[in-house]
Amino acid sequence: MQLGILTAPFADTPLEAVADYAASAGFEALEIACWPQAGGEKRRYAGTAHLPIEDMSASRGSEIMGMLRAKGLSVSGLGYYPNPLHADAVHREAVIGHLKKVITAASLMGVKVVNSFVGGDRSLTVDQNWTRATEIFAPIVAHAKASGVTLAFENCPMIFSHDEWPGGHNIAYAPRIWRRIFDTWGDAVGMNYDPSHLVWQMIDAGRFVREFGSRMVHVHAKDLMIDRDGLYDHGILSAGMGWQIPRMPGLGEVDWQDFFATLYRAGYDGSIIIEHEDRDFEGSDEKIKRGFALARDILRPYVK
């Protein structure tokens, strides 16, 4: 295993400087955030563009990978997390177009995994969204397969704000949908597993890894705290709104010993990428790095 970070929190820092920090802090891997260079993404911890996706070439990709290797870093995957099932067709086509470019860039760089979302229209049922997903993703999955890249979906419901309520912006969050994903697309796709999203859904994490561990090609390390007062005020029908709080690993309710035990038993031996969304450690580079350092020290004993 290798321990690394998702570069998204360093939106205003060039990739090489992020790599210098990561290497100096004892990390071995990066998941590189790959939103469009033009910007426009308003969601927290989204919009970071650390690669010239629109202008990527084999030579440029080789140069970037060489720079990272010289610092002792590998690339666990390229990360772009939009909503390919968005209700607005213009928005949908724009993000799908960029996702295909990210897949092409990964192939040119020799990176084997691209992390993303299935997406979701919050006004539709999960089954209605799934019907649309099978049509929309057929050419995307085919492009990834032809490019030698595994498209990995994260198991996040994407329901953190009122513009995502009530149905969320990603339907790939529960076992019944994951079974459909793998039955439909087979080995052409994988899972980017984040244990924090199981906590507030009351999904058994151990059972989840036992069922899907062999399909996990990338793993995020993020914790989650349940605000019991918020849960009391809002109730479970709020779908987490007002009471599920993203935290750095070690500051929430994920059992990290069990997390690693189940991953090892499932045969996962890839990167563990710390995803930073903790409001207590944001607002400055110093705070962000302090959060990463805390998570590193919690997780490092298990990464061998």
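Conventions we followed
Residues numbered from 1 in each chain as written. Predicted model: local features only at pLDDT ≥ 70, side-chain atom pairs only at ≥ 80, totals over all residues. Heavy atoms only, no water. Helix = DSSP H or I, 4+ residues; strand = E, 2+ residues; numbered from the N terminus. Rg over C-alpha atoms; globule rule 2.2 N^0.38 Å. Buried < 20%, exposed > 50% of the residue type's maximum accessible area, 1.4 Å probe, protein only. Contact = heavy atoms within 4.5 Å. Areas by Shrake-Rupley, 256 points an atom, 1.4 Å probe, with all protein chains shown as cover. Lys, Arg positive; Asp, Glu negative; His and termini not counted. Charge placed at Lys NZ, Arg CZ, Asp CG, Glu CD. Pairing = 2+ DSSP bridges. Salt bridge = Lys/Arg side-chain N within 4 Å of Asp/Glu carboxyl O. Phe/Tyr/Trp six-rings, centres within 6.5 Å; stacked < 30°, edge-to-face > 60°. Axes fitted to C-alpha atoms, helices over the stretch in contact; angles between N-to-C directions. Parallel < 35°, antiparallel > 145°, perpendicular 65-115°, else oblique. Nonpolar A, V, L, I, M, F, W, Y, C, P; charged D, E, K, R; others polar.

**Remarks on the overall build of the protein chain**
Moving on, step 1. On a plain count of helices and strands, the protein chain comes out with 10 helices and 10 strands.
Moving on, step 2. At 18 Å, the protein chain has a C-alpha radius of gyration in line with the 19 Å of a compact globule built from 304 residues.
Moving on, step 3. In terms of overall dimensions, the protein chain has a C-alpha envelope of 50 × 40 × 40 Å along the principal axes.
Moving on, step 4. Looking at the protein chain as a whole, 54% of its 304 residues are labelled buried.
Moving on, step 5. A separation of at least 24 residues holds for 76% of the contacts in the protein chain among residues at least 6 apart in sequence.
Moving on, step 6. In the structure as shown, the protein chain presents an accessible area of about 12,900 Å², 51% of it carried by carbon and sulfur atoms.
Moving on, step 7. In the protein chain, the 30 positive side-chain charges and the 38 negative ones have mean positions that sit 3 Å from each other.

**Re the pairing of strand β6 (residues 189–193)**
Moving on, step 1. With 5 of 5 residues buried, β6 lies mostly within the body of the structure.
Moving on, step 2. The alternating pattern of β6 places V189, M191 and Y193 and G190 and N192 on opposite faces, both of which are buried.
Moving on, step 3. Here strand β5 (residues 150–154) pairs with β6 via 4 bridges, running parallel. By the bridge assignment, E154 is partnered in β6 with N192.

**Regarding the pattern of salt bridges**
Note on pairing: side chains with opposite charge can pair once their charged atoms come close.
Moving on, step 1. For the structure on display, the rule yields 16 salt bridges.
Moving on, step 2. A salt bridge links K71 to E16; the nearest nitrogen and oxygen atoms lie 3.6 Å apart. Of this pair, K71 sits in the loop between α2 (58–70) and β3 (74–79) while E16 is found in helix α1 (residues 15–24), placing the two residues 55 residues apart along the sequence.
Moving on, step 3. Assessed through its relative accessible area of 41%, E16 is described here as partly exposed.

**What to know about the side chain of S271**
Moving on, step 1. Along the polypeptide, S271 turns up in strand β10 (residues 271–274).
Moving on, step 2. Setting aside anything within four residues of it in sequence, one finds S271 in contact with Q2, A29, S76 and V219.

**Some thoughts on the packing of aromatic side chains**
Moving on, step 1. All chains considered together, the criterion is met by 20 aromatic pairs.
Moving on, step 2. Here F137 and F153 contribute two aromatic rings whose centre-to-centre distance is 5.3 Å and whose plane-to-plane angle is 85 degrees, an arrangement assigned as edge-to-face. Of this pair, F137 sits in helix α4 (residues 126–146) while F153 sits in strand β5; the two residues are 16 residues apart in sequence, bridging distant segments of the chain.
Moving on, step 3. Residue F153 is classed as buried on the basis of its relative accessible area of 0%.

**A look at the packing of helix α5 (residues 175–185) against helix α7 (residues 205–212)**
Moving on, step 1. The N-to-C vectors of α5 and α7 enclose an angle of 10 degrees; their axes lie 12 Å apart at closest approach. Between α5 and α7, the angle falls in the class roughly parallel. Taken together, the residues of α7 that come into contact with α5 (itself represented by P175, W178, R179 and F182) are F208, E211 and F212.
Moving on, step 2. Residue composition of the contact of α5 with α7, grouped by class: 5 nonpolar, no polar and 2 charged.

**Some words on unusual backbone geometry**
Leaving glycine out, the prevailing phi sign among residues is negative, and the prevailing peptide bond configuration is trans.
Moving on, step 1. With a phi close to 60 degrees, M202 is a non-glycine residue in the positive phi region.
Moving on, step 2. Among the structural elements, M202 can be located in the loop between α6 (196–199) and α7.
Moving on, step 3. The backbone phi angle of A239 is positive, close to 55 degrees, even though this residue is not glycine.
Moving on, step 4. For A239, the position within the fold is in the loop between α8 (228–234) and β9 (244–247).

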